[in-house]
Amino acid sequence: MLLAREFVNYISRQLVKNLTPGTIETPHPDTVAEKISEVITEELAVEDRLNDEVRDLLSQYGEYMRREGISYQEMFRKIKNTLVAQRKVIRASGRDSHDQMKLSRDKITDMSHKIVAALRKSRELRVKQDANEVRLEIVRAMTELLSAEEKVDRLARDKVRSQKREIPEGSEEWDLLHRRYYAEELKKLGIDLTR
């Protein structure tokens, strides 16, 4: 998944915190945060499932691609772009659309619509403002949080790369160090993912 599950939960809690009491009213903020987290997780999983489907398709043609000299990455990109267009999937990755954050602006906007729809259906809260005002507040808050996360991720990657010996990205050691530095950098900003 593009964002760590802990960070999705953190975003959800922060959205509820930002929206109450001015925009929504709820006696169960944890339940509302859980609903928001479910919407975000499902939206991020759509592209993960699409990637898995493309990998499955390409595994069937591995021998053909080797024989013909076709690049796996190029073919992956072409098939994924075709499926994205056919299914009208909004790309989650901001890097695909040249956004600085991990999530594209289009995906954040799409998620904000789905979060508002989920909030309006929920019996756990009362929406006090116009749906579009709520949606714009969600977009603003998510963008701020994701911008901060992008800086933290970049700092954590830089720390891993600055080790005395080269650690290959994607290795278990790289992942462990990145996770540790990522958590340290978040704490410097006052973000504790466990809360």
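Residues numbered from 1 in each chain as written. Predicted model: local features only at pLDDT ≥ 70, side-chain atom pairs only at ≥ 80, totals over all residues. Heavy atoms only, no water.

1. A word on the nonpolar core
In step 1: Counting residues in each nonpolar core, the largest one holds 40 residues, and the members touching the most others are I11, I40, I115, L119, I138 and M142.
In step 2: Secondary structure elements with two or more residues in this core: α1 (5–19), α2 (29–60), α5 (105–121), α6 (131–161) and α7 (172–188).
In step 3: Top contributing element to this core by residue count: α6, with 10 residues.
In step 4: Apart from residues lying up to four places away in sequence, L119 is in contact with L19, V32, I36, L125, V127, V134 and I138.
In step 5: Core analysis: the second largest hydrophobic core is formed by 8 residues, V54, L58, I79 and L83 among them. (Core = buried A, V, L, I, M, F, W, Y, C linked by side-chain atoms within 4.5 Å. Buried < 20%, exposed > 50% of the residue type's maximum accessible area, 1.4 Å probe, protein only. Helix = DSSP H or I, 4+ residues; strand = E, 2+ residues; numbered from the N terminus. Contact = heavy atoms within 4.5 Å.)

2. Some thoughts on the pattern of salt bridges
Two side chains that carry opposite charge are able to pair once their charged atoms sit near each other.
In step 1: Evaluation of the coordinates by the stated rule reveals 18 salt bridges.
In step 2: Across the salt bridge formed by K114 and D110, the nearest N and O atoms sit 3.2 Å from each other. Placement of the pair is K114 and D110 together in helix α5, with a separation of 4 residues, close to one helical turn.
In step 3: With a relative accessible area of 35%, K114 lands in the partly exposed category.
In step 4: One salt bridge in this structure joins K159 and E185, with 2.9 Å as the shortest N-O distance. Placement of K159 in helix α6 and of E185 in helix α7 is noted, with a sequence separation of 26 residues between them.
In step 5: On the accessibility criterion, K159 (24% relative accessible area) is partly exposed.
In step 6: Note on E185: relative accessible area 8%, which makes it buried. (Salt bridge = Lys/Arg side-chain N within 4 Å of Asp/Glu carboxyl O.)

3. A short note on unusual backbone geometry
In step 1: Cis geometry is adopted by the peptide bond preceding P21, which originates at T20 and carries an omega value of -5°.
In step 2: Here P21 shows up in the loop between α1 and β1 (24–25).
In step 3: The phi angle at K88 is positive, at roughly 55°, despite the residue not being glycine.
In step 4: Considering the arrangement of structural elements, one finds K88 in the loop between α4 (72–87) and α5.
In step 5: Residue K88 is classed as exposed on the basis of its relative accessible area of 71%.

4. Some details on the environment of E74
In step 1: Along the polypeptide, E74 turns up in helix α4.
In step 2: Considered as a pair, E74 and R180 are 106 residues apart in the sequence and their alpha carbons are 33 Å apart.

5. Considerations on the confidence of the model for the protein chain
In step 1: Looking at the protein chain as a whole, the pLDDT averages 83, with 94% of positions reaching at least 70.
In step 2: Mean pLDDT per element in the protein chain: strand β2 (residues 126–127) is the minimum at 78, and α5 is the maximum at 89. (pLDDT = per-residue confidence, 0-100.)

6. Some details on the packing of aromatic side chains
In step 1: Applying the stated criterion across every chain, the model contains 2 aromatic pairs.
In step 2: Ring geometry for F7 and Y10: centres 5.9 Å apart, planes at 35°, overall tilted. Of this pair, F7 and Y10 are both found in helix α1, 3 residues apart, which corresponds to roughly one turn of the helix. Y10 shares its class with F7; the two are buried. (Phe/Tyr/Trp six-rings, centres within 6.5 Å; stacked < 30°, edge-to-face > 60°.)

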